Amino acid sequence: MPDFTSLRTLAEQTAQHAYAPYSKLRVGAALRATSGAVYAGCNVENASYSIGGCAERAAIAAAVQAEGAAFRLAAIAVAAFSDTGTPLPVSPCGACRQALIEFGIEAGVSFRQPDGSWVEVDVDALLPYRFILPAQ
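In this text, all values refer to a predicted model and were calculated from it rather than measured experimentally. (Residues numbered from 1 in each chain as written. Predicted model: local features only at pLDDT ≥ 70, side-chain atom pairs only at ≥ 80, totals over all residues. Heavy atoms only, no water.)

### Brief notes about the side chain of Arg32
Summarising the element assignment, Arg32 is placed in strand β1 (residues 26-33). Buried within the structure, Arg32 lacks any salt-bridge partner; Asp3 is the closest side chain of opposite charge, at an N-O distance of 5.8 Å. Of the polar contacts made by the side chain of Arg32, one reaches the backbone oxygen of Asp3; its length is 3.4 Å. Contact partners of Arg32, with chain neighbours within four places excluded, come to Asp3, Ser6, Leu7, Ala37, Val38, Leu73, Ala74 and Ala75. (Helix = DSSP H or I, 4+ residues; strand = E, 2+ residues; numbered from the N terminus. Buried < 20%, exposed > 50% of the residue type's maximum accessible area, 1.4 Å probe, protein only. Lys, Arg positive; Asp, Glu negative; His and termini not counted. Salt bridge = Lys/Arg side-chain N within 4 Å of Asp/Glu carboxyl O. Polar contact = N/O pair within 3.5 Å; in protein donor to acceptor, adjacent residues only side chain to side chain. Contact = heavy atoms within 4.5 Å.)

### Here we look at the packing of helix α2 (residues 55-67) against helix α3 (residues 94-103)
The geometry of α2 relative to α3 is characterised by a closest axis approach of 9 Å and an angle of 30° between their N-to-C directions. The pairing of α2 with α3 is recorded here as roughly parallel in orientation. Pair α2 / α3 crosses with left-handed handedness. Contacts between α2 and α3 involve Glu56, Arg57, Ile60 and Val64 from the first element and Ala95, Cys96, Ala99, Leu100 and Phe103 from the second. (Axes fitted to C-alpha atoms, helices over the stretch in contact; angles between N-to-C directions. Parallel < 35°, antiparallel > 145°, perpendicular 65-115°, else oblique. Left-handed = near helix turned anticlockwise from the far one by under 90°.)

### Considerations on the pairing of strand β2 (residues 38-42)
The sheet contact formed by β1 and β2 spans five bridges and is antiparallel. Looking at β2, one finds that Ala30 is bridged to Ala40. The turn linking β1 back onto β2 is made up of four residues, and Gly36 within it adopts a positive phi angle of 100°. (Pairing = 2+ DSSP bridges.)

### Concerning α3
Residues Cys96, Arg97, Ala99, Leu100, Ile101 and Phe103 constitute the buried set of α3. Its buried side turned inward, α3 meets α2, β3 (73-81), β5 (108-112) and α4 (123-126).

### Remarks on the side chain of Ser110
Mapping Ser110 onto the fold places it in strand β5. Residue classification places Ser110 among the buried positions, given a relative accessible area of 0%. At 3.0 Å, the side chain of Ser110 and the side chain of Arg8 are in polar contact. Apart from the residues within four sequence positions on either side, Ser110 is in contact with Phe4, Arg8, Ile76, Ala77, Val78, Trp118, Val119 and Glu120.

Right, dumping it as structure tokens:
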């Protein structure tokens, strides 16, 4: 597993910038590309809920914008907090799991458990029956 220490810290800092007036759930994500570069993102909600975006996909978008189609994910940490600042056990949602797989099937993922500890898993373990576009 990769070293998640700096990614966890950056994810926690980035969560403080989230725009979450509806759910009050602030989420930050920080990832390391296989190039070694680090990117972060936070959730941004919208009154039309489906328009909002997750922190993980925001970080991926930042990485793709910087590195282009060659971007590959090495590791990502996700940190979530309530509106009072309490750390919450939140793993990547299904859409984010699919997006993570797209860029790094062997990448490491870290997020909090209900007891407050961090867990580290391979992204492949989060979505074993992922969508794969059939060859035409």
